[in-house]
Every structure is written in C-alpha cells, then in structure tokens.
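Observations on chain architecture
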Amino acid sequence: TNRDSPNRQEEIAAVKPVIDKLKDNNWTFASHSYGHPHMDKISIQKFKNDVDCWKNEVEPLVGETRVFLYPYGEYIPHNDQGMEKINYLIEEGGFDIHCGVSLIPYTITYDNYAFEVRKNIDGLTLRNQKKRVSHMFDTDYVIDLESRNFGK
C-alpha cells in the first residue's frame, strides 16, 4: 500500500479483508516503523518523516496502535540526545510502549512510556542460542535445517 504505488487503491482494497480477519481473531498491530531505518542513527527530520508516514499511511488501515518495535531490535537511549525522538514517538506517534530485542527480556517503566526488551525468536536464535528458548519449545523440531540447506 505504498503511497507511490500506481495500484495503491487496489492494494488497500486487497489488504483490508486480511486486516479484518486478523482483528476478528484478536490480533493487534504494532509498528516496526515505516521504512525500517536505524532509528537512532537517522536525522530527526528523517525520524519524524518515518513516524508520520506510519501515522498517515499504515495506521488508517490497521488502526491505532500503542506499540513501537524498533527495527533491528535497536533502540533510542533514554538520554538527552534520544529524548526528542522518544517524545515524538509518544506525542505524535501515539506509541507509549517501545520495544527492543535481547536474549534477556526486561521492562523499564517511565512516566509517559514503557520500554520493553523482548526475546528474539528467529532463525539465528533457533540455530545458535537453543538453550535460550529451550524452555518454550524444542528448537530442533521447530526449525527445518534440511529444507533450508544449512550445514551443507
């Protein structure tokens, strides 16, 4: 549904039933940004543009969301330099739950938002950090290494 797509209206019409079905099955949506940049490394103007694109182009489709998942699992430090971006996420984006990634999850609650580090469950973790997720499932059962041609 990219704003520059010549088929944008058709794409929106096609995605609406998928969104509705997910919502009917109690799914909720979070933002992972609009363009998947390194949010801490981009300029404040590019940062604001990314948040604004989500608000103007994606949120009208999926509905309001409070959760922002930083691309690459990175995050913006809660310090003087990062606060302009963090405040923009909260005040303009409406995101009061911010999430990074680590193998050791934790949550920090601030006055106006919560920062949560979630455990990454991806191919790298399934292959290289099996013990970190073994209490949840058998990684050897979940990942099909043979079909993925790993180790060959």
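Here goes a summary of the coordinates provided.

Definitions and limits used
Residues numbered from 1 in each chain as written. Predicted model: local features only at pLDDT ≥ 70, side-chain atom pairs only at ≥ 80, totals over all residues. Heavy atoms only, no water. Helix = DSSP H or I, 4+ residues; strand = E, 2+ residues; numbered from the N terminus. Buried < 20%, exposed > 50% of the residue type's maximum accessible area, 1.4 Å probe, protein only. Contact = heavy atoms within 4.5 Å. Areas by Shrake-Rupley, 256 points an atom, 1.4 Å probe, with all protein chains shown as cover. Pairing = 2+ DSSP bridges. Polar contact = N/O pair within 3.5 Å; in protein donor to acceptor, adjacent residues only side chain to side chain. Patch = residues over 30% accessible without salt bridge, like charges linked within 9 Å, V, L, I, M, F, W, Y side chains within 5 Å. Salt bridge = Lys/Arg side-chain N within 4 Å of Asp/Glu carboxyl O. Lys, Arg positive; Asp, Glu negative; His and termini not counted. Phe/Tyr/Trp six-rings, centres within 6.5 Å; stacked < 30°, edge-to-face > 60°. Axes fitted to C-alpha atoms, helices over the stretch in contact; angles between N-to-C directions. Parallel < 35°, antiparallel > 145°, perpendicular 65-115°, else oblique. Nonpolar A, V, L, I, M, F, W, Y, C, P; charged D, E, K, R; others polar. Core = buried A, V, L, I, M, F, W, Y, C linked by side-chain atoms within 4.5 Å.

A count of helices and strands for the chain gives seven helices and four strands. Secondary structure elements in the chain, listed N-terminal to C-terminal, are α-α-β-α-β-β-β-α-α-α-α. In terms of its C-alpha atoms, the chain occupies a principal-axis envelope of roughly 45 × 45 × 30 Å. The 152 residues of the chain split such that 32% are buried. Put simply, of all contacts in the chain between residues at least 6 apart along the chain, 51% involve residues at least 24 apart. Just so you have it, the chain exposes about 9900 Å², and 49% of that area is on carbon and sulfur atoms.

It is worth spelling out the pairing of strand 3 (residues 106-109) at this point. By the bridge criterion, four bridges tie strand 3 to strand 4 (residues 114-119) in an arrangement that is antiparallel. Each residue of the ladder has a partner; that of threonine 107, found in strand 4, is glutamate 116.

Bringing the side chain of serine 31 into the picture now. Tracing the backbone shows serine 31 in the loop between helix 1 (8-24) and helix 2 (44-62). In terms of polar contacts, serine 31 uses its side chain to reach the backbone amide nitrogen of serine 33, at 3.0 Å. The contacts of serine 31, once residues within four sequence positions are left out, are Trp54, Thr65, Val67, Phe68, Leu69 and Phe95.

Taken together, the side chains of Tyr75, Tyr106 and Ile108 define a hydrophobic patch exposed on the protein surface, amounting to about 270 Å² of accessible area. Topologically, tyrosine 106 is positioned in strand 3.

A few words on the side chain of lysine 85. Counting through the fold element by element, lysine 85 comes out in helix 3 (residues 83-91). Despite its burial, lysine 85 pairs with no opposite charge, the nearest such side chain being aspartate 40 at 4.9 Å. Each residue touching lysine 85, except ones within four places of it in the same chain, is listed here: Met39, Asp40, Lys41, Ile42, Ser43, Ile44, Phe47 and Ile76.

As a further point, take the packing of aromatic side chains. Tallied over the full model, the rule gives five aromatic pairs. Between tyrosine 75 and phenylalanine 115, the ring centres sit 5.0 Å apart and the planes meet at 55 degrees, which makes this aromatic pair tilted. You can see tyrosine 75 sitting in the loop between strand 1 (67-69) and helix 3 and its partner phenylalanine 115 sitting in strand 4, a full 40 residues away along the chain. Given a relative accessible area of 40%, tyrosine 75 falls into the partly exposed group. Looking at phenylalanine 115, the relative accessible area reads 7%, which means it is buried. Measuring from ring centre to ring centre gives 6.3 Å for tyrosine 106 and phenylalanine 115, while their planes differ by 55 degrees; the resulting arrangement is tilted. Site record: aromatic cluster; members linked through ring pairs are Phe68, Tyr70 and Phe95.

Running from N to C, helix 1 and helix 2 cross one another at 45 degrees; their axes reach a closest spacing of 9 Å. Relative to helix 2, the element helix 1 is oriented oblique. Across from Arg8, Ile12, Val15, Lys16, Ile19 and Lys23 in helix 1, the residues of helix 2 making contact are Glu57, Pro60, Leu61 and Val62. Grouping the amino acids of the contact of helix 1 with helix 2 by side-chain chemistry returns six nonpolar, no polar and four charged.

Attention shifts here to the nonpolar core. Note on soluble globular proteins: their nonpolar side chains tend to be buried together. Ranked by size, the top nonpolar core spans 21 residues in total, and within it Met39, Phe47, Tyr70 and Leu89 carry the most contacts. The set of elements that each furnish at least two residues to this core consists of helix 1, helix 2, helix 3 and strand 4. With six residues, helix 2 is the single largest residue contributor to this core.

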